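Residue-level structural notes
Spelled out, the chains give:
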Amino acid sequence: MERINASIGFDQRLYRQDIAGSIAHATMLGNQGILSQEDVTAIISGLKAIEQDIAEGNFTFSTALEDIHMNIEASLKERIGDAAGRLHTARSRNDQVATDFRLWVRDATDALGEAIQSLQEALINRADEYAEAYMPGFTHLQTAQPVTLGHHLLAYVEMLGRDRGRLADTRKRLNESPLGAAALAGTSFPIDREQTARALGFDRPMANSIDAVSDRDFALEFLAAGSILAMHLSRLAEELVLWASRQFGFIRLSEAFTTGSSIMPQKRNPDAAELVRARAGRIFGALIALLTVMKGLPLTYSKDMQDDKEPVFESTEALMLCVRAMDGMIRDFSANLPALEDAAASGFATATDLADWLVQTHAIPFREAHHIVGAVVREAETQGCRLDELSLDSLQAIEPRITQAAQEVLTVRASVARRTSQGGTAPIRVREAIQHARKRFL
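Residues numbered from 1 in each chain as written. Predicted model: local features only at pLDDT ≥ 70, side-chain atom pairs only at ≥ 80, totals over all residues. Heavy atoms only, no water.

What to know about unusual backbone geometry
Quick note on the threshold: Note on conventions: DSSP H or I runs of at least 4 residues are helices, E runs of at least 2 residues are strands, and numbering of each starts at the N terminus.
Of note, the amide linkage connecting Leu299 to Thr300 takes the cis form, showing an omega dihedral of 10°. With respect to the helices and strands, the residue Thr300 is situated in the loop between helix 12 (271–294) and helix 13 (309–332). A positive phi angle, close to 70°, is found at Glu66, a residue other than glycine. As for its placement among the helices and strands, Glu66 is situated in the loop between helix 4 (37–55) and helix 5 (68–80).

Now the structure itself:
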């Protein structure tokens, strides 16, 4: 029973939040005349000493005392005597743990948001460096149209911006104080919940005492936002793995983020990216685990909710590690510009440009232009050359209206330069997007 019941093995992480909540509660009790100022002074002094001992590793946690709340309370009693027992006046472990956990998730949300911003900065800086570096854009992992590496990296800046937005929304909704809800019904003591909410940086007290102790939406939202973030990181990691392979040869990661093979000395394995890709599964699993814990619980508190913290703690640690590792890899990689541009020119990536030219120059319906260019592609396949290497005679044998001007749009650089629509890949648009991203995100 002791082993299954105890949570001190993981909820000791809440010690700073628990002590902050207790100090706010004791201060309020003193201001309301519920506790003497002498008791309040002793309680606050004792709690600060306990916090220092825990931070310095000089505190012994006891499994027999179940959780962080009882461990701190027992230690406080040893230090200040009976006054420690008065701290729990007008409070339950139910509203206490709900408050602690909200404070912890709020801190985690802020820290994760800062880490994501650093990764965005790294991506924006590399996008600026590679704003005119040409590469293939893919659909179905097949060469589609040429883009710039800068444009490609900025796509992840946008994804991460939405991730930060989701975390900010989560923080806004979680920033209400459960403290004062007591076990579930409130308390008969004349407490001031507005005061404790302000003291802990909450926007307001939670409106319903039953909801206050039974809600874990804030943890679920955090895990949901974290799962989408993990998915984005995994997609970027997958691209780094592909790009770093000899078959692609687009980038090189230094030894700082790769490992060698135990038997193949020629290999450098992108292990950091692969592990970021793998960690997503743990974070998805944490969301499903907590949803499953909560789905069948009647109001209000049940001991099942003790299992709310480990998934959040573990996911936060994994997310922070993945964001920082990705930040390091983005700052670390070097691009193989010739390989990128060669790949951009392969696979007939400028075929759409020829179709667009036929539509714009001769008002040919796009479907007809599509059919004409299909024949041009087949001819290039027969000759074993790129589209821009076909002679004008070969092109005009298929469509007489094709001129030398059409040949000029078939190069990678011309194709990219023409994509000037808002949000497009033309270097002039990428430079504008970089400036805009710096203002929006940094």
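Some details on the pairing of strand 1 (residues 134–139)
Put simply, the test is: Think of it this way: DSSP has to see at least two bridges between two strands before they count as a pair.
Relative to strand 2 (residues 142–148), strand 1 is paired through six bridges, and the arrangement is antiparallel. Bridged to Thr139 within strand 2 is Gln142. Between strand 1 and strand 2, which pair antiparallel one after the other, the connecting turn spans two residues, and His140 there sits at a positive phi close to 60°.

Brief notes about a negative patch on the surface
Convention followed: Each patch is built from residues that are more than 30% exposed by relative accessible area and take part in no salt bridge. Like charges join if they lie within 9 Å; nonpolar side chains (Val, Leu, Ile, Met, Phe, Trp, Tyr) join within 5 Å. The protein chains shown are the only cover counted for residues, whose accessible areas, like all others here, come from Shrake-Rupley with a 1.4 Å probe. Salt bridges are defined as contacts in which a side-chain nitrogen from Lys or Arg sits within 4 Å of a carboxyl oxygen from Asp or Glu. Positive charges come from Lys and Arg, negative ones from Asp and Glu, while His and the chain ends are left out of the count. By convention, the point assigned to a charge is CZ for Arg, NZ for Lys, CD for Glu and CG for Asp.
Taken together, Asp304, Asp307, Glu310 and Glu314 make up a surface patch of like negative charges. Its place among the elements puts Glu314 in helix 13.

Digging into the packing of helix 7 (residues 93–129) against helix 11 (residues 217–244)
The following threshold applies: Only the stretch in contact is used when fitting a helix axis, every axis being a line fitted to C-alpha atoms; angles between N-to-C directions are given from 0 to 180 degrees. Angles below 35 degrees are treated as roughly parallel, those above 145 as roughly antiparallel, those between 65 and 115 as roughly perpendicular, and all remaining angles as oblique. Handedness of a crossing follows from how the near helix is turned relative to the far one, being left-handed for an anticlockwise turn of less than a right angle and right-handed for a clockwise one. By the convention used here, residues are in contact when the closest approach between their heavy atoms is within 4.5 Å. Side-chain classes follow a simple rule in which Ala, Val, Leu, Ile, Met, Phe, Trp, Tyr, Cys and Pro form the nonpolar group, Asp, Glu, Lys and Arg form the charged group, and the remainder, Gly included, forms the polar group.
Packing of helix 7 against helix 11 brings their axes to within 11 Å, and their N-to-C directions diverge by 20°. It follows from the interaxial angle that helix 7 and helix 11 lie roughly parallel. Between helix 7 and helix 11 the crossing geometry is left-handed. Judged by residue contacts, Ala98, Phe101, Arg102, Val105, Ala108, Thr109, Leu112, Ile116, Leu119 and Leu123 of helix 7 engage Phe218, Ala219, Phe222, Leu229, Leu233 and Leu236 from helix 11. Partitioning the contact of helix 7 with helix 11 into residue classes produces 14 nonpolar, one polar and one charged.

Side note on the side chain of His25
Put simply, the rule reads: Working definition: with a 1.4 Å probe on protein chains only, accessible area under 20% of the residue-type maximum means buried, over 50% means exposed, and in between means partly exposed.
Positionally, His25 belongs in helix 3 (residues 15–31). Using a relative accessible area of 1% as the deciding quantity, one classes His25 as buried. Non-local contacts of His25, meaning those with residues more than four positions away in its chain, are made with Leu87, Thr89, Ala90, Arg91, Leu179 and Thr196.

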